[in-house]
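Coordinate inspection notes
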Amino acid sequence: MAIAKNTTQTTFQKRSKRKVSSAKKTTKVKTKITKETLEEQGFTAEEQQQQIEKVITARRARVAEKAQSRAAEAPPPPPILPEEEAVKITDVSGVVYDKAEYDSMVEMYDSTIKDIKEGEIVKGKVLGVTMNDVIVDVGFKSEGIIPIDEFPMPVNISVGEEIEVYLEQIEDSNGQLILSKKKADFMRVWDRIRDVHDAGETIEGTVARRIKGGVVVDIMGVDAFLPGSQISLRQVPDFDALIGERMTVKIIKLNKTRRNIVISRRVVLEEEREKMRSTLLNEITVNQIRQGVVKNITDFGVFIDLGGVDGLLHITDMSWGRIRHPSEMVSLGDKIDVKILDFDEKTSRISLGLKQMTPYPWENIDEKYPLGKKVKGKVVSITDYGAFIELEKGIEGLIHISEMSWTQHIKHPSKIMNVGDVVDAMVLSVEKENEKISLGIKQMEPDPWGTIENKYPISKIITGKVRNLTAFGAFVELEEGIDGLVHISDMSWTKRIQHPSEVMKKGDKVEVKVIKIDHENRRISLGYKQLTDDPWPELAKKLAVGSECLGTITKVLDRGVIVDLGDDVEGFVPNAQLTTEELSNPTGVFKEGEKLPLQVIEFDRNMHKVVLSVVAYYKKREQKEFEKYITDHPVTSHKPLADAMPEAVKKVVEPPQEPLSATENLPSPEDNKTE
C-alpha cells in the first residue's frame, strides 16, 4: 500500500506540474497587454490605465487561486510536536530571531520594493557599464539590462547616475526585467513632438549621422528621419558635410507605434523663400541696385538669387569688354551688386546688369582716341582677318591683316602676334555709333615704298636671295619684306624656259636687274637675262633665211622638234619640215640628241623665233642623200619627193629664193612655252 501511495502521489505531482506550466503559458499570452495595443484599439489614457490594472489584478487573483488549489491538493503536513513550537528563526550568520522580529524585517524589505507597472517610465540607478550593456536598478527584485547602443553618448555614462527608462516587461522567460532607454526618451518627448506637428510649427534639430536615403536628425533626444529630397531646395551632393549642423525643420509624418518621425527642411526653406519673394516683388523697381548671390552659371549668363527670386545676368550685360564665359568674372556663391534692367510683373522675370554699374566707356571716345594717336593695348582675340586689341576696359580696336606690314604678305595674324601680347598701334578711324576703332601697326614705321625708287632705281643691278619659285617666275628677296619678281620670260634671251628651276634654285643668291617699279600694286619687276646684251641682232646675221646649219634635237613635241643651234640658241622644226611623208607625231621617228642638217626658213627678231627645215636642206642636195635620210627615218607611207614637198618649200627652193613664212604649221611661242 505504501508503494501504491507513493506512485499515485508522484503521478499527481507530475500532472500538477504540467498543468501549472500550461497555466503559466496561457496566462502570459492572455495578459500581454500594453499601452501601445490599447492605444491602437482607441482607449483613452485613463481607460488604458484601468485596463492594465484589471489585467494585473486578475493575474494576481489567478496566482493566489492556484496557490490555494495546490495547498489543498498537497498532503497534510506532519503534526507539530509541542517541543518544536519553541524553535526560533535563525539566519545564516547564526543570529536567532523570534516571530515578531522576523515579521518586522519582512515588512521593512517589502517597503524597499517599488510598486512598478509595465508600460511606464521609471527612474533607475546605473549599477554597472560593460562593453555591450548598461545594468540599471529600478528598485525591483531584479536589475534590468539595457543595450549600450540605446544611449546617444555612451562615454558619458557613469556608475551611480540616475536615468529614466521605459519598463517594457516585468520579467521575461528568464525572469529578467526588460528596460529601454530609447523608448523612455521617445515617450518623454512624444507629447511635445505631437503638439508641434499638430500646430504646424517648426522645431530645431542636429544632424546626427547619415543613412541610406537621407540623414538622421536628433530632435529633443529622439531620432527623426530627414530624406535627401527634403534637405534643401536643390540636390545636396555630400550628406556627410551636414553632420553636426543645426537646422530648423518641420514634422511631416508621425507614427507612435513604430516610433517613426519624418521631417522636412525643404518645406521650411520654401516657406521662407515665398515670404521673401512676396516682399521682394513689392519692393523691386527698374534701375534699382540690389545685392544677390550667384546661384548658377551657364554659357549664356548667370542666375542671381535676389532673395527668393532669381534674375538673369546675361553675358552681354556683364562687361563692356569681351569675355568668353561668365566664369571669368564670377563664381558660385559670390555676393555681387547688380542693377535691375527690366522686370515683368506677369512672369516675374528679372533682367540684371553688371556693366551698367560703371560709366559707358564710349562716351567721349573721339577725344580720348583722336586719329593718328599712338596707343598701346593687349591682344585679346585673333581671327583670320585681324586681331582685336583691348585699349582699356570695354574699349577694343581691330588691327586688320592688311594694316600689319608694309611689305610682307601675311597669311594669318598669328604669324606675327599672339593672344596676350602687348603691341603698339596707331588710331586710323573711330566709329562711335558702331563702337569700332581701326588700328594699324605698320603705320608705326615709315612706308618703304615711298622711297623705293631712290633705293632701287631702274637698271640697277642688285644681289638677292631666291625666296620662292612658281610656274610663272621666281621671287627674289632684295631686303627684309621687299621682294621682286623675275618672270620666266626674263630668264633667257634664247633658251625656251619651261620652269624657273631650270635656271635658278630656291635659296640661291643671284644677280638681277631692276626693270620696272609698280607703286600702285607695290611690285618690282626684275630681269635675269638683262644682265647680258641681246644676242638677236647678231643672230639675225648668222641665221638669215636660207642659211644652213646643224642642230641637235633637245625635245620631241607632237608638232615638231626643238633643236639646239649652239650658244643657247634654239630653233623649231615643224612636222611638215622633217620629212615628205605624212607625219602626225615625230615621237619614235626622231630622238633627242640626234643631229639634223637644217636650213633657216623663218627668222623673227622681235619674237625671238627661228624656224628650220630638213626638207629644204635636202632639196639642194642629191636625191640619194634625201632617200637615205628617209630610209633612216621611216614612216608608214612614201610619196615622190616632188609630190610630197609642200608648196611653201617649193617656193623657197625655186629661184629667186625669198623668205617663206611657215607660221601656219609652226607652234607659237606661247604654245611652245606651254609645252
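Residues numbered from 1 in each chain as written. Predicted model: local features only at pLDDT ≥ 70, side-chain atom pairs only at ≥ 80, totals over all residues. Heavy atoms only, no water.

1. Points about the overall build of the chain
Defined as follows: In this text, helices come from DSSP runs of H or I with a minimum length of four residues, and strands from runs of E with a minimum of two, each type numbered from the N-terminal end. Exposure classes here rest on a 1.4 Å probe applied to the protein chains alone. A residue is buried below 20% of its type maximum, exposed above 50%, and partly exposed in between. Should any heavy atoms of two residues lie within 4.5 Å, those residues are counted as being in contact. Here the Shrake-Rupley method, with its probe set to 1.4 Å, supplies the accessible areas, and only the displayed protein chains count as covering residues.
Scanning the chain from N- to C-terminus turns up 14 helices and 32 strands. Within the chain, the fraction of its 675 residues that count as buried is 36%. Once local pairs closer than 6 in sequence are excluded, the contacts in the chain between residues at least 24 apart make up 59%. Carbon together with sulfur atoms contributes 50% to the accessible area of the chain, which is approximately 40800 Å² in total.

2. Overview of unusual backbone geometry
In this structure, Asn 287 is a non-glycine residue whose phi angle is positive, near 75°. Along the polypeptide, Asn 287 turns up in the loop between α6 (266-283) and β13 (289-297).

3. Some remarks on the sheet that holds strand β19 (residues 386-392)
Heads up, the condition is: Pairing between strands is defined by DSSP: at least two bridges between the two strands are required. Fitting a line to C-alpha atoms yields each axis, with helices limited to the stretch in contact; the angle taken between N-to-C directions then spans 0 to 180 degrees.
Read once around its circumference, the closed barrel built from five strands follows the order β18-β19-β20-β22-β21, with strand pairing classed as mixed. Going across the sheet, the axis of each strand differs from the next one's by a mean of 50°, ignoring polarity. Of the strand pairs in this sheet, β19 and strand β20 (residues 395-400) are connected by six bridges, and their pairing is antiparallel. In the sheet register, Ala 387 faces β20, and the bridge partner there is Ile 399.

4. Thoughts on the environment of Ile 243
Position of Ile 243 relative to the elements: it lies in the loop between β10 (222-227) and β11 (246-255). For the pair Ile 243 and Val 207, spaced 36 residues apart in sequence, the C-alpha to C-alpha distance is 5.0 Å. Excluding residues that lie within four positions of it along the chain, Ile 243 makes contacts with Val 207, Ala 208, Arg 209 and Arg 210.

5. Considering the packing of aromatic side chains
Selection criterion: Working definition: rings of Phe, Tyr and Trp (its six-membered ring) pair if their centres are within 6.5 Å, and the pair is stacked with planes under 30 degrees apart, edge-to-face with planes over 60 apart, and tilted otherwise. Only Lys NZ and Arg CZ are tested; either one counts as a charge over a ring when it is within 6 Å of the ring centre and within 35 degrees of the ring normal.
With the rule as written, the count across this model stands at nine aromatic pairs. Arranged with centres 6.3 Å apart and planes meeting at 90°, the rings of Phe 300 and Phe 303 form a pair that is edge-to-face. Look at Phe 300 and you get partly exposed, because its relative accessible area is 40%. Phe 303 gets classed as partly exposed once you look at its relative accessible area, which sits at 28%. Both rings, one in Tyr 617 and one in Tyr 618, keep their centres 5.2 Å apart while their planes meet at 85°; by these two values the pair is edge-to-face. Across this residue pair, the class does not change: Tyr 617 and Tyr 618 are buried. By the ring-pair criterion, three or more aromatic residues cluster together here, those being Phe 590, Tyr 617, Tyr 618, Phe 626 and Tyr 629. Sitting over the ring of Tyr 617, Arg 621 keeps its end group 4.1 Å from the ring centre.

6. Looking at the pattern of salt bridges
Operational definition: Here a salt bridge means any side-chain nitrogen of Lys or Arg lying within 4 Å of a carboxyl oxygen belonging to Asp or Glu.
All told, the structure shown has 12 salt bridges when counted by the stated rule. Put simply, Lys 250 and Glu 271 hold a salt bridge, and the shortest N to O gap is 2.9 Å. Linking Lys 250 in strand β11 with Glu 271 in helix α6, this pair joins segments that are 21 residues apart in sequence. Lys 250 gets classed as buried once you look at its relative accessible area, which sits at 14%.

7. Quick notes on the side chain of Asp 483
Here is the rule: Definition of a polar contact: a pair of N or O atoms within 3.5 Å, with one able to donate and the other able to accept a hydrogen when the atoms are protein atoms, and with sequence-neighbouring residues admitted only if both atoms are side-chain atoms.
Note that Asp 483 resides in strand β25 (residues 482-487). Separated by 2.4 Å, the side chains of Asp 483 and Arg 467 make a polar contact.

8. Re the confidence of the model for the chain
Let me state the cut-off plainly: Predictor confidence is given residue by residue as pLDDT, running from a minimum of 0 to a maximum of 100.
The share of residues in the chain with pLDDT of 70 or more is 79%, and the mean pLDDT across the chain is 77. Segment residues 83-87 is flagged for pLDDT under 50; beyond a separation of four residues in sequence, or across chains, it makes one contact in the model. Overall, residues 655-675 carries pLDDT values under 50, and its contacts beyond four positions in sequence, including any with other chains, amount to 35 contacts.

9. Brief notes about the pairing of strand β18 (residues 374-382)
Alignment of β18 against strand β21 (residues 422-431), held across five bridges, turns out to be antiparallel. Its bridge partner being in β21, Lys 378 is matched across the sheet by Val 422. Pairing of β18 with β19 involves four bridges; the strand directions are antiparallel. By the bridge assignment for β19, Val 379 is matched with Ile 389. Counted along the chain from β18 to the antiparallel partner β19, the turn is three residues long.

10. Regarding the pairing of strand β17 (residues 349-353)
Looking at chain direction, strand β15 (residues 310-314) and β17 are connected through two bridges and run parallel. Looking at β17, one finds that Leu 313 is bridged to Leu 352. Alignment of strand β16 (residues 335-344) against β17, held across five bridges, turns out to be antiparallel. Following the sheet pairing, Phe 343 is matched in β17 by Ile 350.

11. A look at α6
Helical geometry: 3.6 residues make up each α-helical turn, so side chains three or four residues apart lie on a common side. Selection criterion: The span expected for a helix works out to 1.5 Å for each residue beyond the first. An arc is given here, and it is the one of the directions from the helix axis to the C-beta atoms.
The terminal C-alpha atoms of α6, which comprises 18 residues, lie 25 Å apart, in line with the 26 Å expected from a rise of 1.5 Å per residue. The set of residues buried in α6 consists of Val 268, Leu 269 and Leu 280. Burial along α6 is one-sided: seen end-on, the buried residues are contained in an arc of 95°. Within α6, the exposed residues directed more than 90 degrees away from the buried face are Lys 275 and Asn 282. On the buried face of α6, the contacting elements are β8 (202-211), β11, β12 (260-264) and β13.

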